[in-house]
Structures are given as structure tokens and as C-alpha cells.
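# Report on the structure
Here's the letter readout for the chains.
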Amino acid sequence: QVQLVESGGGLVQPGGSLRLSCTASGRIFSINVMGWYRQAPGKQRELVAVMTSGGTTNSADSVKGRFSISRDNAKNTVYLQMNSLKSEDTAVYYCNAILKRVADGPSYNYWGQGTQVTVSS
């Protein structure tokens, strides 16, 4: 069993900052890709930013220059530093991990339960 536990969401004013954290626990051999997606009301879930174990990142154009992703591979933890937040960043943010549970096994896709980020004055 693998769990992803997120923390750090909340209410912030426009222009403010928040830092999200997500830690994976359970039977994990390696995590290839770990990162964040978000879903606003009435919209589809979309990529925010992801990072491979080797440090390669991919992020949405809408967050480039404002959000940064980082990982602590030893702790199976990914962070999302969000600066200059805008009202359109309001969404539920979901942690995602593509991982192997054993060395020669398949890769699995796991999701966290989501954390609400609300940007409002």
C-alpha cells in the first residue's frame, strides 16, 4: 500500500505565497516522476509541475516564473513553492507519483487526496 499525503494549502491574498508538500509512504522502491496537478471548479484536472528523479521538470506555462518544484528523493517528498498567486490559481491541488514498488515490477500511478488553495482578497 502506498499513500501520498499533502499539506500546505489554504487561503491567501492575491500576490501572496504558499508552499505545498507531499510525502509518499509505504512499499516504494523508486519514484520516477512526482509532482502536482490542479483542478478548478468546472474544469478538468491539469498539470502544474512535475519533476523526475533526475531533476528534469515540466510545468504549465501559466505558472512559469511564479511556481517552482523541488524534490527530496531521500524523503520521497515533493514541494511546490507558489509565489505571486493569482485568483485563477484557486483550485484543489493534487500530488501525483509514478513509482515502482519493487525493482523489477511495473510502474504505478498514485494520487493524493488533494489540498485546497484559495486565492482571494
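Residues numbered from 1 in each chain as written. Predicted model: local features only at pLDDT ≥ 70, side-chain atom pairs only at ≥ 80, totals over all residues. Heavy atoms only, no water.

## Brief notes about the pattern of salt bridges
In a structure, side chains of opposite charge can pair up when their charged atoms sit close to one another. This model, assessed by the stated rule, comprises four salt bridges. Among the ionic pairs, Arg 38 bridges to Glu 46, the shortest N-O distance being 2.7 Å. Residue classification places Glu 46 among the partly exposed residues on the basis of a relative accessible area of 36%. A salt bridge links Arg 66 to Asp 89; its shortest N-O distance comes to 2.7 Å. Of this pair, Arg 66 sits in the loop between β6 (57–59) and β7 (67–72) while Asp 89 sits in the loop between β8 (77–82) and β9 (91–100), and the two are 23 residues apart along the sequence. (Salt bridge = Lys/Arg side-chain N within 4 Å of Asp/Glu carboxyl O. Buried < 20%, exposed > 50% of the residue type's maximum accessible area, 1.4 Å probe, protein only. Helix = DSSP H or I, 4+ residues; strand = E, 2+ residues; numbered from the N terminus.)

## A word on the packing of aromatic side chains
Within the structure shown, the criterion is met by two aromatic pairs. Seen in terms of ring centroids, Tyr 37 and Trp 111 are 5.1 Å apart; in terms of plane orientation they differ by 70 degrees. Their pairing is edge-to-face. With Tyr 37 in strand β4 (residues 30–39) and Trp 111 in strand β10 (residues 107–111), the pair connects residues that are 74 residues apart, well separated along the chain. Owing to a relative accessible area of 35%, Trp 111 belongs among the partly exposed residues under this scheme. Geometrically, the ring pair formed by Tyr 108 and Tyr 110 is tilted, given 6.4 Å between the ring centres and 50 degrees between the ring planes. Judged by relative accessible area, which is 18%, Tyr 110 ranks as buried. (Phe/Tyr/Trp six-rings, centres within 6.5 Å; stacked < 30°, edge-to-face > 60°.)

## Section: the environment of Lys 100
Mapped onto the secondary structure, Lys 100 falls in strand β9. A relative accessible area of 27% places Lys 100 in the partly exposed class. Not counting residues within four places of it along the chain, the set of residues in contact with Lys 100 comprises Ile 28, Phe 29, Ser 30, Gly 105, Pro 106 and Ser 107. (Contact = heavy atoms within 4.5 Å.)

## A short note on the side chain of Arg 71
Turning to its location among the elements, Arg 71 is positioned in strand β7. Among buried Asp, Glu, Lys and Arg side chains, Arg 71 stands out as unpaired, with Asp 72 the closest opposite charge at 8.5 Å. In this structure the side chain of Arg 71 is engaged in a polar contact, spanning 2.8 Å, whose partner is the backbone oxygen of Met 51. Side chain to side chain, Arg 71 and Asn 73 meet in a polar contact 3.0 Å long. Each residue touching Arg 71, except ones within four places of it in the same chain, is listed here: Ile 31, Asn 32, Val 33, Met 34, Met 51, Thr 52, Ser 53, Thr 77 and Val 78. (Lys, Arg positive; Asp, Glu negative; His and termini not counted. Polar contact = N/O pair within 3.5 Å; in protein donor to acceptor, adjacent residues only side chain to side chain.)

## Regarding the sheet that holds strand β3 (residues 18–26)
One open sheet accounts for four strands, arranged β1-β3-β8-β7; its pairing is antiparallel. Each edge of the open sheet carries a strand with a single partner, namely β1 (2–7) and β7. Here the strands of the sheet are splayed against their neighbours by 15 degrees on average, with no regard to which way each runs. Bridge count between β3 and β8: six bridges; the pairing is antiparallel. Bridged to Leu 20 within β8 is Leu 80. (Pairing = 2+ DSSP bridges. Axes fitted to C-alpha atoms, helices over the stretch in contact; angles between N-to-C directions.)

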